[in-house]
Amino acid sequence: MQPSDMPVIADLHLHSKFSRATSRDMDVENLARWCGFKGITVVGTGDFTHPVWLRELKAKLTPTGRGLFTYGAQHFMLTVEVSNIYPQGGRLRKIHNVILAPGFEVVDRINAVLARFGSLMADGRPTLSLPSNKLVEYVMEISPDCMIIPAHVWTPWFSLYGSNSGFDALAECFGDQARHIRAVETGLSSDPPMNWRLSQLDGVVLVSNSDAHSPAKLGREANVLDCELDYAEMLRVLRGEDPARFLFTIEFFPEEGKYHFDGHRACGQRLSPAETRQAGGRCPGCGRPVTVGVLSRVDALADRPEGRGGDGRPPFRNLIPLEEIIAAAFGAQPGTGAVREEYFKIVQALGGEFHVLLEVPLDELARHTRPRVVEGVRRVRDGQVVIRPGYDGVFGEIHVFGGAADDERRAAAAQPAQTSLF
């Protein structure tokens, strides 16, 4: 039994080293290692359709007998994201869906079916010439203990509500199989309140996952559940059958996502929905149609005003990854030597990134790091950040520190440092 004071933190959508544009470090060993740094209890395997990755998973993971698997102390769930590309309603549809499965026998049967619709060896996230409703029908026939979750449902490309290749309604995409869609993934560019504005999602659980392509990105979004380390129990919560046990989601600030605003990356044009309307939907620089972002798309489909529809829904917490806070405090880039060294020092001393960001008292944190890092964590907890929204595939620019005092500090930091030979 997972103790009630130790909730399950689950990140179920990510990719292995066999997906395109993914770090070679996305293997079992590094996933387990970084989940320890982050404080992630259950992590998805990703890519279970890929034959080589599946063989590696079977060799390295140990079944718990409760639908999950372990590598050392880390728990894994069998998951995959697939890309469904097919014509419907006179348009080419491009929808990404996440599949959760309870065991290798079920995965083998799913793979045998999906292999008829695309090459499973070509990419860890396979492209399938299979309509989304048929995907759900076939998977649920194989095992009703599976779950299909439409992925990052608002991104302009490859999503349920995507402005370029998606649908206007859940039922339009999944037909009579919509009854099996019990959750949708909000994605990095939207947060729960944006989704609450659609009454069609009232009976659907809103989940959040990292969609990580490198270990350091794990947990940038996640789900916090009060349940046992048991696949069936987790599915009950994710399906909304025990809503009190879905404690909250961990969210990006949605403006930081790379499709929050409208815009045209080639011309460097970042537009709010109002600016897009004023420009007639075209780039002010070149006149081509802009990529319509998540905020505009939500406005177009919403049947409620902002701030409505959240009654009885699980709460959420907006966070910025600890490494980004440290980088801002140091005036450096995430992933550089000094930043990562400080990150490891903090999480190893205080018990994981989520514990640091959510719970550790600031005076305790101050005993292990610089005052400016402590101040950065405080600002993130209080939502005191400045963000230039992302657009057309460009991540938003997030500023933990801002104002005249911080500008002065940055100017001082830009001066040549005095060094010593000894």
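Preceding this paragraph is the structure being described.
I will try to describe carefully the structure that is included in this document. (Residues numbered from 1 in each chain as written. Predicted model: local features only at pLDDT ≥ 70, side-chain atom pairs only at ≥ 80, totals over all residues. Heavy atoms only, no water.)

**Describing the overall build of the protein**
Along the protein, the regular secondary structure elements total 15 helices and 17 strands. A globule of 422 residues ought to have a C-alpha radius of gyration of about 22 Å, and the protein, at 22 Å, matches this closely. The dimensions of the protein, computed from C-alpha atoms along their principal axes, are 65 × 55 × 45 Å. The contacts of the protein with a sequence gap of at least 6 include a subset with a gap of at least 24, amounting to 69%. Carbon and sulfur atoms make up 51% of the accessible area of the protein, which totals about 17800 Å². In the protein, 46 positive and 52 negative side-chain charges are present, and the distance between their average locations comes to 4 Å. (Helix = DSSP H or I, 4+ residues; strand = E, 2+ residues; numbered from the N terminus. Rg over C-alpha atoms; globule rule 2.2 N^0.38 Å. Contact = heavy atoms within 4.5 Å. Areas by Shrake-Rupley, 256 points an atom, 1.4 Å probe, with all protein chains shown as cover. Lys, Arg positive; Asp, Glu negative; His and termini not counted. Charge placed at Lys NZ, Arg CZ, Asp CG, Glu CD.)

**Describing the pattern of salt bridges**
Counted according to the given criterion, the structure contains 25 salt bridges. One salt bridge connects Asp123 with Arg20, and the closest N-O pair in it is separated by 4.0 Å. With Asp123 in the loop between helix H3 (104–114) and strand S7 (127–128) and Arg20 in the loop between strand S1 (8–11) and helix H1 (28–38), the pair connects residues that are 103 residues apart, well separated along the chain. For Asp123, a relative accessible area of 8% puts it in the buried group. Look at the salt bridges and you will find they share partners, linking Arg182, Asp226, Arg236, Glu241, Asp242 and Arg245 into a network. (Salt bridge = Lys/Arg side-chain N within 4 Å of Asp/Glu carboxyl O. Buried < 20%, exposed > 50% of the residue type's maximum accessible area, 1.4 Å probe, protein only.)

**Details of the environment of Glu324**
Positionally, Glu324 belongs in helix H10 (residues 322–330). Note on Glu324: relative accessible area 18%, which makes it buried. Sequence spacing of Glu324 and His399 is 75 residues, and the spatial spacing of their C-alpha atoms is 9.5 Å. Dropping the residues within four chain positions of it, Glu324 is found in contact with Lys217, Glu256, Pro334 and Ile398.

**Points about unusual backbone geometry**
Positive phi is not limited to glycine here, since Phe158 has a value of about 60°. By the element assignment, Phe158 lies in the loop between strand S8 (147–150) and helix H5 (170–174).

**What about the environment of Glu81?**
For Glu81, the position within the fold is in strand S5 (residues 74–88). On the accessibility criterion, Glu81 (0% relative accessible area) is buried. Spatially, the C-alpha atom of Glu81 lies 24 Å from that of Gln200, the residues being 119 residues apart in sequence. Setting aside chain neighbours within four positions, we find Glu81 in contact with His13, His15, His96, Asn97, Val98, Gly124, Arg125, Pro126, Ala151, His152 and Asp211. Side-chain polar atoms of Glu81 contact the side chain of Arg125, separated by 3.4 Å. (Polar contact = N/O pair within 3.5 Å; in protein donor to acceptor, adjacent residues only side chain to side chain.)

**Some thoughts on the environment of Glu56**
Relative to the assigned elements, Glu56 resides in helix H2 (residues 51–60). Under the relative-accessibility criterion, Glu56 is labelled buried at 13%. Sequence spacing of Glu56 and Asn195 is 139 residues, and the spatial spacing of their C-alpha atoms is 37 Å. The residues touching Glu56, leaving out its near neighbours within four places in the chain, are Lys17, Phe18, Asp27 and Val28. For Glu56, the side chain forms a polar contact with the side chain of Lys17, separated by 3.4 Å.

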